[in-house]
Amino acid sequence: MESAPTNHTRRGAFYLRPHSAAQDMGIEKANYGNKTKTTLTQGSVARGMLLFALPIFISNLFQQLYNAADSLIVGNFLGGEALAAVGSSGSLIFLLTGFVNGVSLGAGVVVARYFGAKDWDRMRRTIHTTVALGLVAGVGLTVIGVILTPQILRWMGTPDDVLVNSIAYFRMYFIGSIAVVMYNVGASILQSVGDSKSPMRYLIAASLINIVLDLILVGWLRMGVAAAAFATIASQTVSAVLAFAKLTRSQEAWAVHWSEVKFDSPSLKAVIVQGLPSGIQNSVISIANVIVQSNINSFGAQAMAGCGAYSKVEGFAFLPVTCFAMALATFVSQNVGAGRPDRVKKGMKFGCLCSVLMAEVVGATIYAASPWLIGAFSREADVIAFGVRQAHTITLFYCLLAFSHCCAGILRGLGRPVVPMMVMLAVWCLLRITYITVTLHFIRDIGVVFWAYPLTWSISSVLFAWYILHCPIPKLGGGAPEVKA
């Protein structure tokens, strides 16, 4: 482990670099080799965040397009039971990948903090530790997913007429899950240093490949739901390869060198401290969603298909939510590292406002167009009815979902990931499950399940608003995030 530079001030377990005059003036350009890269710590807050968030939005749009392509093509070519198998995939896949992706997101916050502080050595160590962690986690996820898929699907109460297709889909997906993990690691590194355009390009390429493979394997050759999963992991492999080609060929400080990929103890500790709460947060949300999905499954295959179709449509509504939440985490972390609390406050306000307004516009659009949107996935009247009912219950409350996610992103950027983890564990997991379990005992109606989302989004929004108003912004000039409750 490298010793600390002598001009650093010790603070706890980390060393914090004093500000330079250039930093105080807002001149934040990272010089490495012969290249100069502008960060998010200078210039117009609104312009900087929009230019950073827009590629994330487009990336998420294309990712959702190729996720929806599986359901669209499967539903139209293979029928309702196959659509139910694919449509119910989201909650289980997120259960098994959400933890790893949450840790990657936390690692990106650490990288962004070091980037803002211009601590290139610690940034490089953190990046290579994150890559090593991703490789190990990807292999573990593959083994666990392939082995446990049948049992988890049975625990979820998957109907017998859907079970065979579901097992085939999930097992094929998890065979290639290391590509999913490594793409997220690569994209997280690139975004943490201000490059959101490269991951966008890679996801566009992956989306087009996925759609073409779906049409050939499922639409033309009729190879079944496993072929749809194969199309997804094949396209995700391409995006992972492209991301790491960019990182390994780069001449910048954040370049990945395979010979340096190993676990560095201080860096691993920083990644775990920041990323573990985000991973746990993703896992508890996904566990709650799996339980919610099991309740939906109890209403039969048509309910599964209708709600699965809605979930694909809903994914598009999450785009302004996720893009600004991710942008806020990076923006806040870089500016905390650079010692710019003034920009942190401006970015928080602007990001939350944009996300909430965009989410509500999208929600109202989906509310009005839901019969046609759900109908694109299936022609069966009962399937459409279930999907439309869910849309009409939930979509006008997307503003609350956006606000909660933005607050979670802000708190991760401030080095306080424990807070969103605790709020979502208590509200989005425990309270949601309790409400559904108790209420369904007395009122056997699927609408009870649908209302769980707006109710819990409302409560989390109130809690986050209170905490954000009372949360001080750290005035640090560098170092790793200090995680506090």
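Note: the structure precedes this text.
Since the structure is predicted, the reported quantities are computational estimates derived from the model, not experimental observations. (Residues numbered from 1 in each chain as written. Predicted model: local features only at pLDDT ≥ 70, side-chain atom pairs only at ≥ 80, totals over all residues. Heavy atoms only, no water.)

As a further point, take the overall build of the protein. For the protein, the count of helices and strands is 17 helices and four strands. For the protein, restricting intrachain contacts to residue pairs at least 6 apart in sequence, the fraction spanning at least 24 positions comes to 83%. Taken as a whole, the protein presents about 18,900 Å² of accessible surface, with 66% of it coming from carbon and sulfur. (Helix = DSSP H or I, 4+ residues; strand = E, 2+ residues; numbered from the N terminus. Contact = heavy atoms within 4.5 Å. Areas by Shrake-Rupley, 256 points an atom, 1.4 Å probe, with all protein chains shown as cover.)

A word on the environment of isoleucine 436. By the secondary structure assignment, isoleucine 436 is in helix H16 (residues 418-442). Spatially, the C-alpha atom of isoleucine 436 lies 9.5 Å from that of isoleucine 291, the residues being 145 residues apart in sequence. Contacts of isoleucine 436, omitting those with residues within four sequence positions, involve Val292, Asn295, Val448, Val449 and Ala452.

Turning next to the nonpolar core. Tyr398, Leu411 and Leu414 are the most contacted members of the largest nonpolar core, which totals 74 residues. Ranked by residues supplied to this core, first place goes to helix H17 (residues 446-470) with ten residues. Residues contacting leucine 414, with those up to four places away along its chain left out, are Arg113, Val332, Val336, Val344, Cys471, Ile473 and Pro474. Membership of the second largest hydrophobic core comes to 52 residues, among which are Leu163, Ala187, Leu217 and Ile233. (Core = buried A, V, L, I, M, F, W, Y, C linked by side-chain atoms within 4.5 Å. Buried < 20%, exposed > 50% of the residue type's maximum accessible area, 1.4 Å probe, protein only.)

Bringing the pattern of salt bridges into the picture now. One pass over the structure, following the stated rule, counts seven salt bridges. One salt bridge in this structure joins arginine 124 and glutamate 260, with 3.4 Å as the shortest N-O distance. Of the two residues, arginine 124 sits in helix H5 (residues 120-155) while glutamate 260 sits in the loop between helix H9 (225-249) and helix H10 (265-297), which places them 136 residues apart along the sequence. Via salt bridges that share partners, Asp121, Arg124, Arg125, Glu260 and Asp264 belong to a single interconnected network. (Salt bridge = Lys/Arg side-chain N within 4 Å of Asp/Glu carboxyl O.)

The subject of this paragraph is the packing of helix H11 (residues 301-317) against helix H12 (residues 319-337). Between H11 and H12, the least distance of the axes is 4 Å, while the angle of their chain directions is 45 degrees. Comparing their axes, H12 and H11 come out oblique. Each of Gly315, Phe316 and Ala317 in H11 lies in contact with H12, whose residues at this interface are Leu319, Pro320 and Val321. Residue classes in the contact of H11 with H12 are distributed as five nonpolar, one polar and no charged. (Axes fitted to C-alpha atoms, helices over the stretch in contact; angles between N-to-C directions. Parallel < 35°, antiparallel > 145°, perpendicular 65-115°, else oblique. Nonpolar A, V, L, I, M, F, W, Y, C, P; charged D, E, K, R; others polar.)

This part is about helix H14 (residues 381-394). Every α-helix carries 3.6 residues per turn, so stepping three or four residues along brings you back to the same face. Its 14 residues place the ends of H14 20 Å apart at the C-alpha level, agreeing with the 20 Å of an ideal helix rising 1.5 Å per residue. Those residues of H14 that sit buried are Val383, Gly387, Val388, Gln390, Ala391, Thr393 and Ile394. Among the structural elements, H11, helix H13 (341-375), helix H15 (398-413) and H17 are those in contact with the buried residues of H14. (Expected span 1.5 Å × (residues − 1).)

Turning next to unusual backbone geometry. In this structure, lysine 118 takes a positive phi of about 60 degrees despite not being glycine. Along the chain, the position of lysine 118 falls in the loop between helix H4 (89-117) and H5. Of note, arginine 222 is a non-glycine position whose phi angle comes to about 50 degrees, a positive value. For arginine 222, the location among the structural elements is in the loop between helix H8 (197-220) and H9.

Turning next to a nonpolar patch on the surface. A surface patch of nonpolar side chains, amounting to about 430 Å² of accessible area, comprises Val139, Val143, Ile144, Ile147 and Leu148. Relative to the helices and strands, valine 139 resides in helix H5. (Patch = residues over 30% accessible without salt bridge, like charges linked within 9 Å, V, L, I, M, F, W, Y side chains within 5 Å.)

The next thing to look at is the state of the cysteines. Within the structure shown, the criterion is met by zero disulfides. For the unlinked cysteine cysteine 407, the closest cysteine sulfur is that of cysteine 352, found at 5.0 Å. (Disulfide = S-S within 2.5 Å.)

Here we come to the packing of aromatic side chains. Evaluation of the coordinates by the stated rule reveals eight aromatic pairs. Measuring from centroid to centroid gives 5.8 Å for phenylalanine 115 and tryptophan 254, while their planes differ by 65 degrees, and the two rings are edge-to-face. With phenylalanine 115 in helix H4 and tryptophan 254 in the loop between H9 and H10, the pair connects residues that are 139 residues apart, well separated along the chain. Of the two residues, phenylalanine 115 and tryptophan 254, both sit in the buried class. Ring centres of tyrosine 169 and phenylalanine 170 lie 5.9 Å apart, and the angle between their planes is 85 degrees; this geometry places the pair in the edge-to-face category. Owing to a relative accessible area of 3%, tyrosine 169 belongs among the buried residues under this scheme. (Phe/Tyr/Trp six-rings, centres within 6.5 Å; stacked < 30°, edge-to-face > 60°.)

The next thing to look at is helix H6 (residues 160-175). Helix length check: H6 (16 residues) gives 23 Å between terminal C-alpha atoms against 22 Å at 1.5 Å per residue, within 8%. The set of residues buried in H6 consists of Val162, Leu163, Ser166, Ile167, Tyr169, Phe170, Tyr173 and Phe174.

Time to look at the packing of H13 against H15. Closest axis-to-axis distance for the H13/H15 pair is 8 Å, and the angle between their directions is 150 degrees. As summarised for this structure, H13 and H15 are arranged roughly antiparallel, according to the angle between their axes. Crossing angle aside, the handedness with which H13 passes H15 is right-handed. When H13 is examined against H15, the residues Met348, Gly351, Cys352, Ser355, Val356, Ala359, Glu360, Gly363 and Ile366 are found in contact with a partner set consisting of Tyr398, Cys399, Ala402, Phe403, Cys406 and Ile410. A breakdown of the residues in the contact of H13 with H15 according to their chemical character gives eleven nonpolar, three polar and one charged. (Left-handed = near helix turned anticlockwise from the far one by under 90°.)

Without other data, these values stay purely geometric and don't point to any function.
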